[in-house]
Amino acid sequence: MVVSSDSISMVRESCKALLNEPTSKVKINYEEAKKFASGINFENYKKITSKPAFLPLRFDSIEQEINIICLSALLAFGSGFRKEGAATAIQFGVIAIHISGILPDAVWMKKVSIGEVVELFNLPTNIEIEAPGLTGVFLTKEGPLRSFVVRITEVLNETGRILESSGYSSFGKYILDITKPDQSTPEMPRTASFIVEKLVHLFPALNDVDQLNGKDIYILKKAQLLVADLYRKLKDNPRFQFPDIESLTIFSDNVIPSILLYLGVLTAPDDLKKMIQEGKDIGGTSEKWDLRLRAAAVVVCEEI
């Protein structure tokens, strides 16, 4: 898929176009949206967001810290599959990589195996079931987490290969390179939109664009999340003081639309609600309900 030269604008425009399709069954309840917005305590919001939660880790260099920030954003996928959820599993794995003394450079990412991912992220790929008719005898079969583990491994391998072929020994090196100020305006940091563009053009895993009815729908959750995390965690460094940071959209995943549905801010048809309640894959239909909900969440969060 071709990425626009102004991808953040395309997130807003494509999501709004999808929501406004005459046949769209996902809608915004503007009365509930207004009610939710009016109930926000902005003092509490500012207090909470002024000190965002970071991983409790120490770093020997800025490159090392950026590597961990990038890993966290790169692997920000998957939906709830156990009590703790996918995000907790990814956080666990990223912390394990760091405290184990592993250098997550391009070479390691390119070569990391499924077995190593299983161990680091504590995600078993197999389960044991009792053999039919044989008490006390168990068989090993592929578990529900295997596809998630395979996806983590594939993304790491692919990203490592891309970094290496592009001449970068690590994600940190790449970020430090693309955040260098333009020589014509050395006093000005790069923009958030510029960094997002670079990321989505080079890394398929960060190019969060899907198609529906022949049209590209831009979400770009992971690329925007990565840029936001760089800003929040490293903004004391002038090169990460992106002047247009507020141009980013909501990082629309599976959680945001779920909350908005629960609050009544988004409305959905009964068959979709039933699929969600039954834990079915809502992205596996021709309607691509997951994409429709994520797009609607982008639009209504802009309104809020």
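See the structure printed just above.
Residues numbered from 1 in each chain as written. Predicted model: local features only at pLDDT ≥ 70, side-chain atom pairs only at ≥ 80, totals over all residues. Heavy atoms only, no water.

Let's shift gears to the pairing of strand β5 (residues 215–218). Bridge count between strand β4 (residues 209–212) and β5: four bridges; the pairing is antiparallel. By the bridge assignment, V209 is partnered in β5 with Y218. Count of turn residues in the β4/β5 antiparallel hairpin: two residues, of which N213 carries a positive phi of about 55 degrees. (Pairing = 2+ DSSP bridges. Helix = DSSP H or I, 4+ residues; strand = E, 2+ residues; numbered from the N terminus.)

Ranked by internal contacts, the top residues of the largest apolar core, which has 87 residues, are I152, L156, F171, I175 and L199. It is helix α14 (residues 289–303) that provides the largest number of residues to this core, a total of nine residues. Among all residues touching I175, those that are not within four sequence positions of it are I66, C70, L199, L226, L230 and F240. (Core = buried A, V, L, I, M, F, W, Y, C linked by side-chain atoms within 4.5 Å. Buried < 20%, exposed > 50% of the residue type's maximum accessible area, 1.4 Å probe, protein only. Contact = heavy atoms within 4.5 Å.)

On to the packing of aromatic side chains. The tally for this structure, following the rule as stated, stands at six aromatic pairs. Relative to F148, the ring of F77 lies with its centre 5.8 Å away and its plane at 75 degrees, an arrangement referred to as edge-to-face. In this pair, F77 is assigned in the loop between α4 (62–74) and α5 (86–99) and F148 in helix α8 (residues 146–165), connecting sequence segments 71 residues apart. Comparing F77 with F148 shows no difference in burial state: the two are buried. (Phe/Tyr/Trp six-rings, centres within 6.5 Å; stacked < 30°, edge-to-face > 60°.)

Now for a nonpolar patch on the surface. Together, F36, V255, I259, Y262, L263 and I304 give the surface a local cluster of nonpolar side chains, amounting to about 560 Å² of exposed area. It is helix α12 (residues 255–263) that provides the largest number of residues to the nonpolar patch, a total of four residues. Examined against the element boundaries, L263 turns out to sit in helix α12. (Patch = residues over 30% accessible without salt bridge, like charges linked within 9 Å, V, L, I, M, F, W, Y side chains within 5 Å. Areas by Shrake-Rupley, 256 points an atom, 1.4 Å probe, with all protein chains shown as cover. Salt bridge = Lys/Arg side-chain N within 4 Å of Asp/Glu carboxyl O.)

Buried residues of helix α10 (residues 192–202): A192, I195, V196, E197, L199 and V200, and no others. Packing partners of the buried residues in α10 comprise α1 (7–19), α9 (171–178) and α11 (221–234).

This part covers helix α7 (residues 114–121). Within α7, the full set of buried residues consists of V117, L120 and F121. Down the axis of α7, the buried set is contained in an arc of 80 degrees. They therefore lie on one face. Buried residues in α7 make contact with α5, α6 (106–111) and α8. Count one or two residues on from α7 and you reach N122, which has phi positive near 55 degrees. (Arc of directions from axis to C-beta.)

By the secondary structure assignment, S170 is in the loop between α8 and α9. Classification of S170 as buried rests on a relative accessible area of 2%. At 3.4 Å, the side chain of S170 and the backbone nitrogen of G172 are in polar contact. Side-chain polar atoms of S170 contact the backbone nitrogen of K173, separated by 3.1 Å. (Polar contact = N/O pair within 3.5 Å; in protein donor to acceptor, adjacent residues only side chain to side chain.)

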